[in-house]
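Chains, contacts and geometry: an overview
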Amino acid sequence: MWRLHEQADGRSKKENIKIFLEQLAELPDQIPQIISFNYGANSIEQKEQADVVLIAEFKDKQALEAYRSHPAHMEFIESIKSFRYERRVVDIEY
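Before going into details, it helps to say that this report is about the structure given with it. (Residues numbered from 1 in each chain as written. Predicted model: local features only at pLDDT ≥ 70, side-chain atom pairs only at ≥ 80, totals over all residues. Heavy atoms only, no water.)

Digging into the packing of aromatic side chains
Inspection of every chain in the model, using the stated rule, returns six aromatic pairs. Aromatic pair Phe 58 and Tyr 67: ring centres 4.9 Å apart, planes at 40°, arrangement tilted. Considered together, Phe 58 and Tyr 67 belong to a single accessibility category, that of buried residues. Members of the aromatic cluster, joined through ring pairs, are Phe 37, Tyr 39, Phe 58 and Tyr 67. (Phe/Tyr/Trp six-rings, centres within 6.5 Å; stacked < 30°, edge-to-face > 60°. Buried < 20%, exposed > 50% of the residue type's maximum accessible area, 1.4 Å probe, protein only.)

Details of the nonpolar core
Core analysis: the biggest nonpolar cluster contains 19 residues, and Trp 2, Phe 20, Leu 24, Leu 27 and Tyr 67 have the highest contact counts within it. Counting only elements with at least two residues in this core, the list comes to β1 (2–4), α1 (13–30), β4 (34–41), β5 (52–58), α2 (61–69) and α3 (71–80). Not counting residues up to four positions away in its chain, the partners in contact with Trp 2 are Phe 20, Leu 24, Ala 50, Asp 51, Val 52, Val 53, Leu 54, Phe 76, Ile 80, Arg 84, Glu 86 and Arg 87. (Core = buried A, V, L, I, M, F, W, Y, C linked by side-chain atoms within 4.5 Å. Helix = DSSP H or I, 4+ residues; strand = E, 2+ residues; numbered from the N terminus. Contact = heavy atoms within 4.5 Å.)

Shown next as structure tokens:
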């Protein structure tokens with residue numbers, strides 16, 4: 001989950017969320033280790049909400065690590081750095 005600045009790079013949060021989601025949408029086609037990839041923007045304004053969420057599934061820890069270090073993922077991280085001020089991650093095993 002990510003929380004975004006109200007303004008960043010001369011754009012509003014709403015504009016940056018759109019860009020953020022467009023860039024997320026490209027990752028499954030570039031990273032074969034992804035089994036499922038669901039994401040979206042918050043739709044109800046609340047005090048402690050996150051702005052964007054991603055739920056991704058991988059076969060195993062090795063696939064997750066491959067995703068984390070994949071050049072497309074690294075490029076995505078770099079491209080959204082100025083948008084976000086907080087990130088929360090939870091990795092679970094079934």
